Amino acid sequence: MKETPFYLRVGHLLPYTMSDSNTTDYTNPSTFILLGIPGLEVAHVWISIPFCSMYVIAVLGNFSILCIVKMTPILHGPMCYFLCMLAVTDLALSTSILPKMLSIFWFNSREIDFSACLTQMYFIHCFSAVESGILAAMAFDRYVAICHPLRHSTILTNPVVAKIGFAVLLRSSILVLPNPFLVRRCPYYRTSIIPHTYCEHIAVVKLACADISASNYYGLSLAFFITGLDVAFITVSYIQIIRAVLGLPTKDAQLKTFGTCSSHLCVILTFYIPALFSILTHRFGHNVALHFHVLSANVYLLVPPMLNPVIYGMRTKQIRDRLLRLFTHIET
């Protein structure tokens with residue numbers, strides 16, 4: 001006999017509709033219930049396998065990057081410092097969603113405190129914004145290295161790199177901070193059920209029975225402001241890089257110089273394409289199945305932290321050689 005989905009067994013908590021307008025009570029819940037992936041509850045354990053595998057690869061890969069950079073003096077430069085910032089951000093971003101997700105999949109632990117939900121929401125959006133800012137900073141590093149190679153060490157000194165990293169963190173922390181407060185001010189909710197694996201901003205806001213236009217518009221403007229500004233900065237940097245590369249005398253020199261940007265370009269595509277796909281699907285894909293929305297939202301937060309250390313590990317010679325020596329030492 002087919003098991004009744006969880007969200008039907010708690011039907012009295014389902015969203016407000018016109019048919020039950022006379023019987024539905026608005027609530028101010030102290031806890032929310034995360035459904036996981038609606039419609040795929042029976043497959044939660046199987047779905048957890050690839051998600052857990054991605055998280056393990058992300059943790060091992062990013063910790064390896066941090067350890068290798070620390071132990072290898074030749075890697076103590078601006079690009080690798082930014083790479084370490086990216087690794088820490090990836091660890092924080094994936095850890096902000098995976099533990100709770102796995103507790104839903106494995107132990108059916110669906111409840112989350114209201115304050116914990118807002119905290120999770122804040123960290124997810126904050127670290128996503130930090131990652132976008134670090135990618136823009138890495139583009140600036142590539143621009144200086146290629147367009148002004150003789151001044152690279154004097155422009156991007158260690159204090160300057162530290163200030164850039166702090167500025168990116170401060171920008172994200174301050175700009176994202178109003179988000180949870182705008183959600184908290186909603187006095188009542190139609191339901192305490194969130195059809196998601198984590199407290200995604202839009203998923204939570206849609207449950208409110210109050211006017212959500214301020215929260216909705218601020219979330220959209222925040223995404224376009226941070227992401228749009230960073231993408232514009234990256235685009236301008238690479239336009240200057242391409243112009244400098246095309247000015248080199250030989251094809252080999254052009255390919256070799258532009259090849260130093262290949263890892264960064266791969267990481268940019270890995271981060272922005274899934275994010276853009278998830279945002280557009282959530283905003284405009286009204287005919288797309290709900291479980292597809294949730295899966296795409298999880299993939300865009302888990303795939304970049306998993307792939308970033310793999311990309312840099314394969315494309316950066318010093319990191320690749322250090323990894324090979326490390327694995328060879330372990331085998332012997």
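Calculation notes
Residues numbered from 1 in each chain as written. Predicted model: local features only at pLDDT ≥ 70, side-chain atom pairs only at ≥ 80, totals over all residues. Heavy atoms only, no water. Helix = DSSP H or I, 4+ residues; strand = E, 2+ residues; numbered from the N terminus. Buried < 20%, exposed > 50% of the residue type's maximum accessible area, 1.4 Å probe, protein only. Contact = heavy atoms within 4.5 Å. Areas by Shrake-Rupley, 256 points an atom, 1.4 Å probe, with all protein chains shown as cover. Core = buried A, V, L, I, M, F, W, Y, C linked by side-chain atoms within 4.5 Å. Disulfide = S-S within 2.5 Å. 1 Å grid on protein atoms, 1.4 Å probe; cavity = no way out; pocket = protein on both sides within 12 Å on 5 of 7 lines; lining within 4 Å. Points joined across faces, edges and corners; volume = space filled by probe spheres on them. Nonpolar A, V, L, I, M, F, W, Y, C, P; charged D, E, K, R; others polar. Phe/Tyr/Trp six-rings, centres within 6.5 Å; stacked < 30°, edge-to-face > 60°. Expected span 1.5 Å × (residues − 1). Salt bridge = Lys/Arg side-chain N within 4 Å of Asp/Glu carboxyl O. pLDDT = per-residue confidence, 0-100.

### Considerations on the overall build of the protein chain
- Along its length, the protein chain carries 14 helices and three strands.
- For the protein chain, the residues scored as buried account for 45% of the 332 residues in total.
- Contacts spanning at least 24 positions in sequence make up 78% of the contacts within the protein chain whose residues lie at least 6 apart.
- Surface exposure of the protein chain reaches about 17,100 Å², of which carbon and sulfur atoms provide 69%.

### A look at the nonpolar core
- Counting 42 residues, the largest nonpolar core has F32, I97, Y189, I194 and V204 as its most contacted members.
- If you list the elements that add at least two residues to this core, you get strand 1 (31-34), helix 2 (44-71), helix 4 (98-107), helix 5 (114-147), helix 9 (201-205) and helix 13 (290-315).
- For this core, the element with the highest residue contribution is helix 13, accounting for seven residues.
- Membership of the second largest hydrophobic core comes to 41 residues, among which are C80, L86, V245 and F271.

### A look at the state of the cysteines
- Counted by the stated rule, this structure contains one disulfide.
- C147 takes part in no disulfide bond, and the closest cysteine sulfur, belonging to C261, lies 8.9 Å away.
- Overall, the relative accessible area of 22% leaves C147 in the partly exposed class.

### Considerations on the layout of surface pockets
- In this structure, the largest pocket encloses a volume near 830 Å³.
- Along the wall of the largest pocket there are 33 residues; nearest its centre are A223, T227, A275, I279 and Y300.
- Among the secondary structure elements, those contributing two or more residues to the lining of the largest pocket are helix 5, helix 9, helix 10 (213-246), helix 12 (262-284) and helix 13.
- In terms of residue count, the dominant contributor to the lining of the largest pocket is helix 12 (eleven residues).
- Across the lining of the largest pocket, the residue classes tally to 21 nonpolar, ten polar and two charged.
- If you add up the space inside the second largest pocket, you get close to 500 Å³.
- Lining the second largest pocket are 22 residues, with M79, C80, R142, T260 and Q318 positioned closest to its centre.
- The set of elements that each furnish at least two residues to the lining of the second largest pocket consists of helix 3 (78-95), helix 5, helix 12, helix 13 and helix 14 (317-331).

### Focus on the packing of aromatic side chains
- Applying the stated criterion across every chain, the model contains eight aromatic pairs.
- Ring geometry for Y122 against F123: centres 5.6 Å apart, planes inclined by 65°, an arrangement best described as edge-to-face.
- Using a relative accessible area of 36% as the deciding quantity, one classes F123 as partly exposed.
- Measuring from centroid to centroid gives 5.8 Å for F123 and F127, while their planes differ by 15°, and the two rings are stacked.

### So, helix 10
- In this model helix 10 runs 48 Å from its N-terminal to its C-terminal C-alpha over 34 residues, within 8% of the 50 Å that 1.5 Å per residue would give.
- Along helix 10, the residues classified as buried are S215, G219, L222, I226, D230, I234, S237, Y238, I241 and V245.

### Side note on the pattern of salt bridges
- A full pass over the atoms with the stated rule returns two salt bridges.
- Of the charged contacts in the structure, one is a salt bridge between R142 and D141, with a shortest N-O distance of 2.8 Å. The pair formed by R142 and D141 is uniform in burial state, with each residue classed as buried.
- Linking D230 and R171 is a salt bridge whose minimum nitrogen-to-oxygen distance equals 3.0 Å. A residue pair is termed long-range when its members are at least 10 positions apart, and D230 in helix 10 and R171 in helix 7 (residues 158-176) qualify at 59 residues.

### Comments concerning the confidence of the model for the protein chain
- Considering every residue of the protein chain, the mean pLDDT works out to 82; 87% of them sit at 70 or more.
- Confidence, expressed as mean pLDDT per element, reaches its minimum in the protein chain at helix 1 (residues 6-9) with 45 and its maximum at helix 7 with 94.
- Ignoring residues within four places in sequence, the model shows residues 6-24, a span with pLDDT below 50, making 24 contacts including any to other chains.

### Some details on empty space enclosed by the protein
- Per the stated rule, a full pass over the model turns up one cavity of 30 Å³ or more.
- Volume-wise, the largest cavity comes out at about 30 Å³.
- If you trace the largest cavity, you find it lined by N62, I65, L83, L86, A87, D90, N308 and P309.
- Looking at the lining of the largest cavity, the elements with two or more residues in it are helix 2, helix 3 and helix 13.
- Looking at the lining of the largest cavity element by element, the count peaks at four residues for helix 3.
- Tallied by class, residues from the lining of the largest cavity come to five nonpolar, two polar and one charged.

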